[in-house]
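Listed below, chain by chain, are the residues.
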Amino acid sequence: MKKISLFIFLLSLNSCQFFDKKAPDEQELLEQELKKINWKEVDEFPTAFSCDSILDTELQKQCFFDNIIQNIQSRIGVDTLQIMYPEIDTINVKVTIHPDAKIQFETQIPKGTVSYDIAVIDSILQQKLSDFPRIEPAIKRGMKVKSQFVLPVVINVAE
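Undergrad: So what exactly am I meant to see when it comes to the overall build of the chain here?
TA: A count of helices and strands for the chain gives 5 helices and 7 strands. Order of helices (α) and strands (β) in the chain, N terminus to C terminus: α-α-β-α-α-β-β-α-β-β-β-β. In the chain, buried positions account for 28% of the 159 residues. The contacts of the chain with a sequence gap of at least 6 include a subset with a gap of at least 24, amounting to 70%.

Right, here's the structure in full:
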């Protein structure tokens, strides 16, 4: 009987190790999950009202870019920029869409080009695009996020 009691006692000491499982570290789990996320891409691109009904993500993305470029071109195309700077045919516009759907436009002049008064071009851009149609922000993991992209906008259309 003593041998059986000793055996059960030793077995019970060993069996505690089977139940002693460490809970995963919260910080370690968070770091693993953050490494899995691709922060350079969004789950859903920003969208304009006219592109909402498109279900294919690539077509919706193309519709969005076409829509925003066309909207900018129609507002600044035949105007002061064309008169003041007839040699500029295309400007790059950096568009920032914030999570609260606020839109910000900034002129990007490529390096190595003739220097222009960027403040004048930027002020014309801000004035013409102040009442830009609402754009829904990009979505990443269910949250609205800030997105930025640079769009080439043709100003002088060949006649």
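Undergrad: Please explain the packing of aromatic side chains as it appears in this structure.
TA: What characterises a pair of aromatic rings is the spacing of the ring centres plus the angle enclosed by the ring planes. Across all of its chains, the model carries 5 aromatic pairs by this definition. On the basis of an interplanar angle of 70° and a centroid distance of 5.7 Å, the ring pair of F45 and F65 is categorised as edge-to-face. Pair noted here: F45 is in the loop between α2 (26-36) and β1 (47-48) and F65 is in helix α3 (residues 57-76), with a separation of 20 residues, a long-range link. With a relative accessible area of 16%, F65 lands in the buried category. With centroids separated by 5.4 Å and ring planes inclined at 55°, the aromatic side chains of F64 and F65 adopt a geometry described as tilted.

Parameters at a glance
Residues numbered from 1 in each chain as written. Predicted model: local features only at pLDDT ≥ 70, side-chain atom pairs only at ≥ 80, totals over all residues. Heavy atoms only, no water. Helix = DSSP H or I, 4+ residues; strand = E, 2+ residues; numbered from the N terminus. Buried < 20%, exposed > 50% of the residue type's maximum accessible area, 1.4 Å probe, protein only. Contact = heavy atoms within 4.5 Å. Phe/Tyr/Trp six-rings, centres within 6.5 Å; stacked < 30°, edge-to-face > 60°.

All we've got here are geometric facts, nothing functional implied.
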